[in-house]
Structure formats: structure tokens, C-alpha cells
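Each chain, written out:
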Amino acid sequence: MSDNFTCISDAIEGESTLEFLGEEMGKIAPEGSEVLFLYDEREKCQTVRDVVGRFCKIDSVKISDCTLVKCQKIIPSEQCRAVVGAGGRECVNVAKYVCTKYSLPLIFVALEQSCHDYLTGASTLFFNGYPEIYSVKPPVKVIADATLLEGGDENARGYGATCARLVTLFDEDVKRAMGESVDDQTYAYLLAEICDLIECEKNGLTARRVMQSALRVSYALEKMRAYTDGCRQSAQVLSLIKNKANEKSKTQAENESILAPFVMACYLLSICVDNGTGVYVPDNNAQIDIMYRLLGISPLTAIKVVNRHESLNGILQKIHCLKVYKSELIRRGEIYRKVLEFAQNRVKRLYKDRGFSYNKYLDGRTVKRCFALAPEMRGKQTLFSLMKQTGIAKAFLSK
């Protein structure tokens, strides 16, 4: 699978593929016209800028964060014909939002192997400290030049982030059990990619191979419209908890990697617990207070985003469906959990410090808080949402 890249028409990947940037720009903007260049702190962004400057006039903006306030300050000139971006997760999310707002085409040069947002029609931006998801148009083309990529720890982050998408697949399994439609072909594609990357890691990972995986995962997530999952939600909570406590948070990809096996274990626990017909009305007022104290989210923002109550009949039907498919879900979930534990151990070995920086980074109490507040993060309904309605999520905060 690693050499077959023809299925993603919106991506150009390989060695020295930056040379195609001029050709792709010519398809969306005449030579000599003005383009907006968005970039982050990576040194290789200058290399991309030099290439863009050969064909077009440039108005540059450096992206230092992915907040909505920052995005709203970026206003292309009336002469701007297109946007070219270069960087990773924060930059591509900002670039997609700006291009959608001003109806401009976007070409993005991918420089981060742990980002899965390159080809998706969603942009995650922070508004009043809360990660909102906005519907956007994906780039018309993503270019990934292996000669521009960093290896080392960035490969470890990318490997861990890709493996963490097993949680995405399990959320799709739950969705299927509930009678909702699932793209089985894309599900199989994403599962095969995760397995292939794990197999490749045994012989050593290259930056190019990890970037291939990032693009394929992004492609699959867009096909399934799976812009979030329980792992992503809990990782966002972890980042907010760290920021509120004035502690340095790891990247979104690293938080997903370390939390993924715990999320799967929690999912399995929730399925194994016999709830009977027990449905508990969540106390959203208490949840809003906790979001303020632990995450720093203002009550005015929290009251707008807190996960709303579902109907009793709807919850009872979901509980029934979980019972019907209980054995199949547990069997597959246990496999995914073991794979994620294996992957987490491999990730730590891939880091230069062999995972030393993870020591004392996470404790049981913080993990419980991440799970209890995960339903309040934007995105589709995940198994965490059902756990909130059945009282399991509340139990995490009481222990």
C-alpha cells in the first residue's frame, strides 16, 4: 500500500514535489498576480515562500495560533487571487477558514507528519478558549515534499497519531451498531493503512512514509466525515486542562497518542457495564461549572456548547443496540486496545528521549477528567456522549 498513492487526487506526495507548486498555482492564479502566503514558524516555510515568489506577488502572514480572533484579522487584499499555505496543523486550519470565508482557492504545502487535517472539510479554531469546529472547503491541492520534512520526534508523533485513529474506527463500529450508515470501504482503507504503518515501523520509519500515512488518514476522515472521535475529544480536554493549570501541554497528536489506549479501555468498560435501563439526566449546570474551573471556559461559552440531553426513548434504544452487539464490539475493541498499547510503547521508543518527557505528564485523576468532559467537545456524537447520559461520565468526576 505504501507505494500506491494514485487514489488521492488532491495530493502530490514524493521527493522534490515542491517543483510542482508553480504548475499548480498556474491553474488557479495567473502568473504575476497577488497571493496570500500563510506560514508557521518552521524554517522550511522560507523555502516554500521563495518558490511562490518566482511566480506571484506575495502578501505574507505568519500564523502563531489557531484562534478565530487571529483568523478574522487576516484580510486578503482585493487583488488577491489565491492563498498558499505552508506548515502544520494550526496553519492549515487557519488557511482553510480564511479561504472559505473569502472564497479563495488554497494550495497547502504540508510540513507536519502528525497532522490529519490537510484534506478535511473541517477547521478547528479556538473561540473564547474553546475549540470550535467550522465547516470549510478543503485545499484544491496539498503538496508534501519529503525533502522538506523533519524526522526524529516528528515521525514518532505521526506514527502515534495514525494509530490513535483506531478509536475513530471503533466509534464507527458503535455508529454501525446503532443502525447508522458507515462507509465500509473507507473503514477498511483506514484500517489497512494503520496496519501497514505498524508493519513498516518494524523496519524503521522514514519521514516520507509517515507523511503518506497522514495524507491517507486525512483522506479517509474526509470520506467518512469523521472530523472527531472520543480520542480527539479527550485530547482537547487534556490540552485545556494543562493550559488552565499553566503547565506545558504536548501537541494534539501527542495527547491523542498517549490517551488512545485508555480511551479504548474506557469504551470497553462502558459496554461491559450492565446499565439495565438506567438513564440519568446529566446535570449540565454542574458540567458548566466544571468546564469553567478545570478548563477556563467561560459560563457564557459553556452554556452554548454543552452537550444537550437526548430523549429517553433514544437513549434506551442505544443501550439496547449496545447489548445486541455487545460481544462483537468487545471482541473488536479488545483487539484495538491491545494494538494501541503496543503502539504506545513503540512511540516512546521512537522519541529521542525514549518517552522520558511523558513521565509524570499524566495521572489517573486527569485522565478521568478528560473522559468526563470529552462529551462537551464539539463534533459528532461519540460513545462518550452515551456515557454521559447513562451516568458513567459523572462517576469519573466523583472518584
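Criteria and thresholds
Residues numbered from 1 in each chain as written. Predicted model: local features only at pLDDT ≥ 70, side-chain atom pairs only at ≥ 80, totals over all residues. Heavy atoms only, no water. Helix = DSSP H or I, 4+ residues; strand = E, 2+ residues; numbered from the N terminus. Polar contact = N/O pair within 3.5 Å; in protein donor to acceptor, adjacent residues only side chain to side chain. Core = buried A, V, L, I, M, F, W, Y, C linked by side-chain atoms within 4.5 Å. Buried < 20%, exposed > 50% of the residue type's maximum accessible area, 1.4 Å probe, protein only. Pairing = 2+ DSSP bridges. Axes fitted to C-alpha atoms, helices over the stretch in contact; angles between N-to-C directions. Contact = heavy atoms within 4.5 Å. Phe/Tyr/Trp six-rings, centres within 6.5 Å; stacked < 30°, edge-to-face > 60°. Lys NZ or Arg CZ within 6 Å of the ring centre and 35° of its normal. Disulfide = S-S within 2.5 Å. Expected span 1.5 Å × (residues − 1).

**Brief notes about the side chain of Arg42**
Thought 1: Following the sequence through the fold, Arg42 ends up in the loop between β2 (34–39) and α2 (44–53).
Thought 2: A distance of 2.5 Å separates the side chain of Arg42 from the side chain of Glu112, its partner in a polar contact.

**Examining the nonpolar core**
Thought 1: If you look at the biggest cluster of nonpolar residues, it comprises 106 residues, and the most contacted ones within it are Tyr118, Phe170, Tyr267 and Leu295.
Thought 2: With nine residues, the single largest contributor to this core is helix α8 (residues 207–224).
Thought 3: If you look at the next biggest cluster of nonpolar residues, it comprises 20 residues, including Phe37, Val52, Ala82 and Leu148.

**What to know about the sheet that holds strand β4 (residues 80–87)**
Thought 1: The sheet built from six strands is open, its strands ordered β1-β8-β5-β4-β2-β3 with parallel pairing. Edge positions in the sheet fall to β1 (11–14) and β3 (57–62), since each has one partner strand and no second. Within the sheet, the average angular offset between the axes of one strand and its neighbour, ignoring direction, is 20°.
Thought 2: For β2 and β3, the ladder comprises six bridges, and the chain directions are parallel. From the neighbouring strand, Tyr39 faces β3, where its bridge partner is Lys62.
Thought 3: Against the sheet, helix α4 (residues 89–101) makes contact with β2, β4 and β5 (106–110), and its axis sits at roughly 175° relative to β5, the strand it touches most.

**A look at the packing of aromatic side chains**
Thought 1: For the structure shown, the criterion picks out nine aromatic pairs.
Thought 2: Measuring from ring centre to ring centre gives 5.5 Å for Tyr189 and Tyr219, while their planes differ by 70°; the resulting arrangement is edge-to-face. Of the two residues, Tyr189 is situated in helix α7 (residues 184–201) and Tyr219 in helix α8; the sequence distance between them amounts to 30 residues.
Thought 3: Taking the centre distance of 6.3 Å and the plane angle of 85° together, the rings of Tyr358 and Tyr361 count as edge-to-face.
Thought 4: Residue class for Tyr358 comes out buried when judged on its relative accessible area of 8%.
Thought 5: Judged by relative accessible area, Tyr361 falls into the buried class, the value being 8%.
Thought 6: Members of the aromatic cluster, each reached through a chain of ring pairs, are Phe170, Tyr267, Phe371 and Phe384.
Thought 7: Directly above the aromatic system of Tyr187 lies the positively charged group of Arg176, at a separation of 5.1 Å from the ring centroid.

**With respect to the state of the cysteines**
Thought 1: A complete count under the given rule lists zero disulfides for this structure.
Thought 2: Of all cysteine sulfurs in the structure, the one in Cys272 sits closest to Cys321, which takes part in no disulfide; the separation is 17 Å.
Thought 3: On the accessibility criterion, Cys321 (13% relative accessible area) is buried.

**Digging into helix α6 (residues 166–177)**
Count 3.6 residues to each turn of an α-helix, and residues three or four apart come out pointing the same way.
Thought 1: The first and last C-alpha atoms of α6 sit 17 Å apart over twelve residues, in line with the 16 Å expected at 1.5 Å per residue.
Thought 2: Burial analysis of α6 places ten of its twelve residues in the buried class, the great majority of the element.
Thought 3: By the burial criterion, the buried members of α6 are Leu166, Val167, Thr168, Leu169, Phe170, Asp171, Glu172, Asp173, Val174 and Ala177.

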